Each structure stands twice: as structure tokens, then as C-alpha cells.
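Survey of secondary and tertiary structure
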Amino acid sequence: MSTGDAGSLHTALDRVARPVRDILARALDGAEVSVAEGDLLARATGRDLQALTLAADELRRRQVGDTVTFVINRNINFTNVCIKHCGFCAFSRDHREEEGYLLPVAEVVRRAREARDLGATEVCIQAGLPPKLEGRYYIDLARAITQALPGLHIHAFSPEEVLYGSVRSGLSIKEYLAELKDAGLGTLPGTSAEILDQEIRDRISRGRITVDQWVEVITTAHALGIRTTSTIMYGHVEAPEHWVRHMALLRTIQKDTGGFTEFVPLSLIHSEAPMYAKGLVPGVRPGATGVEVVRMHALARVLLGAVIPNVQASWVKEGPKLAQALLDAGANDLGGTLINESISTSAGAGYGQLVGPGELVRWIREAGRVPAQRDTAYRILKTYRDGETPASPLDAVEDAEARFGSYRRLIASGEFRFMQR
Ligand code: SF4
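These notes cover the structure that comes with them. Since this is a predicted model, take the numbers as computed values, not measurements. (Residues numbered from 1 in each chain as written. Predicted model: local features only at pLDDT ≥ 70, side-chain atom pairs only at ≥ 80, totals over all residues. Heavy atoms only, no water.)

**Quick word on the site of the ligand**
Close to the ligand lie Cys82, Lys84, Cys86, Phe88, Cys89, Ser92, Gly128 and Arg208. Looking at the shell around the ligand, its residues break down into four nonpolar, two polar and two charged. (Near = heavy atom within 4 Å. Nonpolar A, V, L, I, M, F, W, Y, C, P; charged D, E, K, R; others polar.)

In C-alpha cells:
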């Protein structure tokens, strides 16, 4: 810590409420923050929040240094047809709706190849749960990509999709995951977590994968050597104690398995979310406020950083400016280039679908940090030093929607319209 950093941190701690000061001081000494202590931090405002943020920034510096990473990847949401009706999801369509689409496997492979040829190291594949899906569909899709594009990392299938594949195929979760791995799956997104509290889940997404099932899929994946991300979706009906209990559960899992690569806070994009737009869930908030977003990332660093050192700021959810500012509140990663984005876009996010490596490097450097491209497992592929900039064809793309397509075009064109077999 530089003298200036130490001074501002000590000054900030001097001015905050005694309990918060003591918790942060102990956290800076390496102590684990308990659920009760986290609960207090999760409500911090004003100077308490400033102190929390400064402590998070210092812990970030000690745990991962000044490097800020990003991955060159492409999202492929191969179908929006889904049998579930999660209250926060504006992406899914019923199988009878005209806007339902399903990308053929060849189109998924084509999109993956296009991304690889533009420098992507990862494809991120998640989708709805179409009715009557052939049970081995996810396995066959992973194998088709692996055979066509060996070496491209497949980061795919949420725990909800793994559970669906398992149920539809009659294979156990362990057998299904083992087959996915054998077919070339690299890592699993730790999405469909939302808030890992059954009561909250029943309010916002009744019928979704349960807390116990989510934990089973994740820990089984970890036991098989399949690493996963971890996420939280916040800014709806949950309260601060749910954030803390959610993080404490992830912390317990991580101490046991070591399988999480990162933690990604995802604030609710509310404007088109049915539970907000149609008033389906009483008391639902219109997403997280700016203060909540800062508090969430700082809290994640303080509660999780010792065991999950990578905390991601999502430019899709928070926008580029807030995501950049979160690098001073505990975050050390800006996620991916994405190329296509459907789920947040359909819910009303307005931040576009592609940010090239050059732009990500610019944000990181402007924040006074060291930009680096990583792979999915957080291995550094290239560090950009002393004004060096990426030479990526993605930065030359002027109209990403015309070049790569978009969710809006996909649902309007009817080209890949879902047909029930
Ligand atoms: S969040 Fe996933 S499971 Fe839920 S309705 Fe949307 S696509 Fe379906």
C-alpha cells in the first residue's frame, strides 16, 4: 500500500461508525467476515460505504494486484423458446409464439467459427429450455463444436440446462456432466443462481431450479473437474441479508471444491422484465441503484476475495462508465467482448452487444490499471504495457448488428423460427 493509499484508508476508517470500522480493520488483517458482520456492511451508506469501498480496493490490490482482465468471447443464445416463466426474464418465448427461434447446430458452429477467426478464445452458450428437447442435445452440441473447432473453449449450459438435459435424457446429473466433459465442455456458467434463497426464488421464478439442485449441479461439476463461474442477480425483491447469505454459501462451496473461477454480480435489468413491467411480483424494485451496485461489488471483494479472487464488473448490466468505476470498488475483471447479447438486451439494457478489446483496454488504462487479455480460467494471455493497444479485427467492426446479427433481427426475421417437432 502506498503512503497515500494508507492515509486515505486510515482517514476513511477513522470517520466511520465503530462496528463497521472494526469489521473492516479485521478484514484488512486477514480475518473472515461473518454473516452477521457482512449484514452490517451490506447496509453501509455515506462514509461507511466509502470506507467499505476503500477497504475492498485495498484487498483487491493485495489479492490480485493492479491487472484488470477481459476475455475475447462470443455469446450464442441458441434458442429463446422456454418452458419456464421466470419473472425477470424478457428473453424467453412460448413455443407457439412467432418470435420463438432455434439456431440449428450448423449455425451455432458457424457463429463460433466466425468468433474464433476474429480472435475469440471462448464461446459462451446458454439458452431457453425448449419443450420436448432431445435429452442428449447439449452433449451433441458440445461435441459438434469441439469436432469443428478443437481448442475453442466451450463455456456453456447453466445448471438449469444441465438439470433439464439430465431429466430429459434419464441420465443422472453426474453422468450428464461427465458426458458433457467428454464431449468437450470446458466450464459451466454459474448462472440460474439469482438469489440462492428458496423463498425469494419462489417469488420471482417459481418452478426454476431449486437452491439444492443448483448446489448439486455446481458441486458435482467441480468434483468432476469442471470449473464454473458464480453469480448473483440483485435489485428486485431481495434484502441485504440475502446477498450476504448467498455469498456465504458460495464461500462455503469454494472452500470445499475450489471450483469457482469468478464471482459476477448481475443487477436486474427491469424495464422489460415481466415481473416489473406487468406488475407480477409485489414489491419488486426497478433494479439496483448506483449505490447498491457499488456496495455489492465492494462487499463481494471483502466477503469472497480471499477464496474467489476474481470479481467481475459487467459492462452489459451496469454500462461502461459504472463498470469502469467499479474497478475502484473491488472489481478486477470486465468480462468479455460478447459480440452478441440477447438476454440483457431483451430486458431493456441499452449498452450494445460488442465492445472490442481496444475499448476495454482504454477503460482499464484510464482507471490507472494494467489491461490484460485472459482465457476463461483466468490465465493471462497478453498484458498490454506502456500504451500498447490490441490489434483486434473486432475493433474495426463499425456496425456490429449488421455484421453479427442481433436479438432484435433474429426474432423479427423468422429465419430460424422455432418449429415444434
Ligand atoms: S431465465 Fe432461462 S429458464 Fe427462466 S424463462 Fe428465461 S430462458 Fe427460461
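**Details of the pattern of salt bridges**
For the structure on display, the rule yields 33 salt bridges. For Glu179, the salt bridge goes to Arg136, with nearest N and O atoms at 2.5 Å. Taken together, the positions of Glu179 in helix 8 (residues 173-182) and Arg136 in the loop between strand 3 (122-125) and helix 6 (137-148) put the pair 43 residues apart, joining distant regions of the chain. A residue is classified by how much of its surface remains accessible, and Arg136, at 29% relative accessible area, is partly exposed. Connected through shared salt-bridge partners, Arg74, Glu107, Arg110, Arg111 and Glu114 make up one network. (Salt bridge = Lys/Arg side-chain N within 4 Å of Asp/Glu carboxyl O. Helix = DSSP H or I, 4+ residues; strand = E, 2+ residues; numbered from the N terminus. Buried < 20%, exposed > 50% of the residue type's maximum accessible area, 1.4 Å probe, protein only.)

**Description of the sheet that holds strand 6 (residues 227-234)**
Read from one edge of the open sheet, six strands run 2-3-4-5-6-7, paired in parallel fashion. Two strands in the sheet have a free side with no partner beyond their single neighbour: strand 2 (73-76) and strand 7 (260-267). This sheet shows a mean twist of 25° between the axes of neighbouring strands, independent of strand direction. With four bridges connecting them, strand 2 and strand 3 associate as parallel partners. (Pairing = 2+ DSSP bridges. Axes fitted to C-alpha atoms, helices over the stretch in contact; angles between N-to-C directions.)

**Section: the sheet that holds strand 1 (residues 67-71)**
Strand order in the open sheet made by the four strands is 8-1-9-10, with mixed pairing throughout. Because the sheet does not close on itself, it has two edges, and the strands there are strand 8 (333-336) and strand 10 (380-383). Neighbour to neighbour, the strand axes of the sheet diverge by 25° on average, direction disregarded. Relative to strand 9 (residues 370-374), strand 1 runs parallel, the two being bridged by four bridges. What sits directly across from Thr67, in strand 9, is Val370.

**Details of the side chain of Glu194**
Tracing the backbone shows Glu194 in the loop between strand 5 (185-188) and helix 9 (198-204). The buried category is assigned to Glu194, whose relative accessible area is 7%. Here Glu194 is in contact with Phe88, Arg201, Ile204, Arg208, Thr231, Ile232, Met233 and His246, once residues within four sequence places are set aside. (Contact = heavy atoms within 4.5 Å.)

**Let's talk about the nonpolar core**
Ranked by size, the top nonpolar core spans 127 residues in total, and within it Phe78, Ile125, Tyr138, Phe157 and Trp214 carry the most contacts. Counting residues per element, this core draws most heavily on helix 13 (residues 290-304), which supplies eight residues. Beyond its immediate chain neighbours, meaning those up to four positions away, Phe157 contacts Phe78, Ile125, Gln126, Tyr138, Leu141, Ala142, Val162, Leu180, Leu185, Leu188 and Pro189. (Core = buried A, V, L, I, M, F, W, Y, C linked by side-chain atoms within 4.5 Å.)

**Points about the packing of aromatic side chains**
Taken as a whole, this structure holds seven aromatic pairs when the rule is applied. Aromatic side chains Tyr137 and Tyr138 sit 6.3 Å apart centroid to centroid with 90° between the ring planes, which places their arrangement in the edge-to-face category. Of the two residues, Tyr137 and Tyr138, neither departs from the other in class, the shared state being buried. Here the aromatic rings of Tyr138 and Phe157 are separated by 4.9 Å at their centres, their planes lie at 55°, and the arrangement is tilted. A residue pair is termed long-range when its members are at least 10 positions apart, and Tyr138 in helix 6 and Phe157 in the loop between strand 4 (153-156) and helix 7 (159-169) qualify at 19 residues. With a relative accessible area of 1%, Tyr138 lands in the buried category. Counting every residue linked through ring pairs, the aromatic cluster contains Phe78, Tyr137, Tyr138 and Phe157. Directly above the ring of Tyr378 sits Arg374, whose terminal nitrogen or CZ lies 3.9 Å from the centroid. (Phe/Tyr/Trp six-rings, centres within 6.5 Å; stacked < 30°, edge-to-face > 60°. Lys NZ or Arg CZ within 6 Å of the ring centre and 35° of its normal.)

**Some details on the environment of Asn75**
Relative to the elements of secondary structure, Asn75 occurs in strand 2. Each C-alpha atom of the pair Asn75 and Val35 lies 35 Å from the other, and the pair is 40 residues apart in sequence. Not counting chain neighbours up to four residues away, the residues in contact with Asn75 comprise Cys124, Leu338, Asn340 and Glu341. Within the structure, Asn75 has its side chain in polar contact with the backbone oxygen of Asn340 (distance 3.5 Å). (Polar contact = N/O pair within 3.5 Å; in protein donor to acceptor, adjacent residues only side chain to side chain.)

**A look at the packing of helix 10 (residues 211-223) against helix 11 (residues 240-257)**
It is the contact of helix 10 with helix 11, at a shortest axis distance of 11 Å, that shows an interaxial angle of 25°. Compared by their axis directions, helix 10 and helix 11 come out roughly parallel. Crossing of helix 10 against helix 11: the hand is right-handed. Contacts between helix 10 and helix 11 involve Val211, Trp214, Val215, Ile218, Thr219 and His222 from the first element and Leu249, Leu250, Ile253 and Thr257 from the second. Here the contact of helix 10 with helix 11 is composed, by residue class, of seven nonpolar, three polar and no charged. (Parallel < 35°, antiparallel > 145°, perpendicular 65-115°, else oblique. Left-handed = near helix turned anticlockwise from the far one by under 90°.)

**Focus on unusual backbone geometry**
Of note in this structure, Ser192 is not a glycine but carries a positive phi near 60°. Unusually for a residue other than glycine, Glu194 sits at a positive phi of about 45°.

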